[in-house]
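A look at the structure
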Amino acid sequence: MSENNTLSAADALMKKRRNARLALLGGVVVLAAVGSSAYWKLHASHFVSTDNAYAAAEVAQITPAVGGTVLEVNVSDTDAVKQGDVLLVIDPTDAKLAVAQATAELDRATRRVKSYMANHNNLSAQISAREADAQRASAQLAAAKAAAAQVTANQRSAVAAKEANAALISHSTVDTNPEVQAARARLDQAQVDLARTVIRAPLDGVVAQRRVQLGQRVQPGMPLMAVVPVHEIYVDANFKEVQLEKVRVGQSVKLHADIYGKNVTYQGVVEGFSGGSGSAFAAIPAQNATGNWIKVVQRLPVRVALDPAELQAHPL
């Protein structure tokens, strides 16, 4: 009897302890749920996050504006360049000949216009002389009428020649004459083409995708290489459309890159939103006009600008 009572008391004690542990566990669960709910309501609900984000940059494509044979290539992939550095040189022989020819054409046009103006002055003097001849012939006897007719004809011829010549120089000087201006424009174009045989870096960055080789014949618009401005890298973060209700331009952003993990935090700023979702610009966009429609949450790219100083300290 005494043994049974001892067992019953032990069972009761164990049951009591088990109930206490269960109550404690339940309390911890309730507190965790209340804490999580409070954290979400007071803090986490004010932020959105995504792992669907990629670093990108506005890559500068290097293409020639003039054709020719590549004479020099001064850079290779991964080379760092500064704005204005010479990347490559195209053989300038043809361009120099074009400049020389355009210079000669400008000089010839200038001389021709000057001759027009000199001829205009000579014709004016001839007309004055013919007028004097006509006046003298009119004062003579009837026998001189034939001579007067000839003088009048010569006068009319001189006037016509003057009018034709005046049309070439009307309302212009040597510098503003259309012939001279056209020749000067051809010279300017030739000089521009000569300058374009030296291709320089349009911005600071790193050379990538170099395709051009020494001695290669290139044509205008042919892709030669790219310059990536690594100091101006930004991030395109693809958020679900339901996450963007309260996201605005100018809001601060914290980012972590896979290369550094949580050890490095970038401070960014929301710079703008894409004009359409990724599927809207897909090569083969989804067509839901058949009736077999399934709702798919769209993602919209959000542009995030990064701090250049942080990028320099921790390059991407």
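Residues numbered from 1 in each chain as written. Predicted model: local features only at pLDDT ≥ 70, side-chain atom pairs only at ≥ 80, totals over all residues. Heavy atoms only, no water.

Right, let's get into the nonpolar core. Ranked by size, the top nonpolar core spans 18 residues in total, and within it Leu 255, Tyr 266, Val 304 and Leu 306 carry the most contacts. Of all the elements in the fold, those that place two or more residues in this core are strand E10 (234–240), strand E11 (252–255), strand E12 (266–273) and strand E13 (299–306). Discounting residues that sit within four places of it in the chain, Leu 306 has contacts with Ile 233, Val 235, Leu 255, Tyr 266, Gln 267, Gly 268, Leu 311 and Leu 316. In terms of nonpolar packing, the next biggest core, distinct from the first, is built from 17 residues, Val 66, Val 81, Val 212 and Met 225 among them. (Core = buried A, V, L, I, M, F, W, Y, C linked by side-chain atoms within 4.5 Å. Buried < 20%, exposed > 50% of the residue type's maximum accessible area, 1.4 Å probe, protein only. Helix = DSSP H or I, 4+ residues; strand = E, 2+ residues; numbered from the N terminus. Contact = heavy atoms within 4.5 Å.)

Our next topic: the packing of aromatic side chains. Overall, the coordinates contain zero aromatic pairs when judged by the stated rule. Over the ring of Tyr 234 we find Arg 303, and its NZ or CZ is 3.6 Å from the ring centre. (Phe/Tyr/Trp six-rings, centres within 6.5 Å; stacked < 30°, edge-to-face > 60°. Lys NZ or Arg CZ within 6 Å of the ring centre and 35° of its normal.)

Attention now goes to the sheet that holds strand E6 (residues 198–200). Sheet architecture is open: four strands sit in the order E6-E5-E3-E8, paired in antiparallel fashion. The sheet terminates laterally at E6 and strand E8 (217–218), the two strands that pair on one side only. Judged from the two bridges that link them, strand E3 (residues 68–73) and E8 form a sheet pairing that is antiparallel. Bridging from a neighbouring strand, Thr 69 pairs with Arg 217 of E8. (Pairing = 2+ DSSP bridges.)

Attention now goes to the side chain of Thr 110. Mapping Thr 110 onto the fold places it in helix H2 (residues 93–138). Taking relative accessible area as the criterion, Thr 110 reaches 18% and is therefore assigned buried. Beyond its immediate stretch of four places on either side in the chain, Thr 110 contacts Val 174 and Val 180.

Further remarks concern unusual backbone geometry. Of note, Thr 78 is a non-glycine position whose phi angle comes to about 80°, a positive value. Within the secondary structure, Thr 78 is located in the loop between E3 and strand E4 (80–81). Among the residues examined, Thr 78 registers a relative accessible area of 65% and is labelled exposed. A positive phi angle, close to 55°, is found at Gln 209, a residue other than glycine. Its place among the elements puts Gln 209 in the loop between strand E7 (205–208) and E8. Relative accessible area serves as the criterion here: at 48%, Gln 209 is assigned to the partly exposed category.

Within the secondary structure, Val 206 sits in strand E7. Classification of Val 206 by relative accessible area gives partly exposed; the value is 24%. Once the C-alpha coordinates of Val 206 and Val 81 are considered, the two residues, 125 residues apart in sequence, prove to be 6.1 Å apart. The residues touching Val 206, leaving out its near neighbours within four places in the chain, are Thr 78, Asp 79, Ala 80, Ala 226, Val 227, Val 228 and Val 230.

Purely geometric stuff here, so don't read any function into it on its own.
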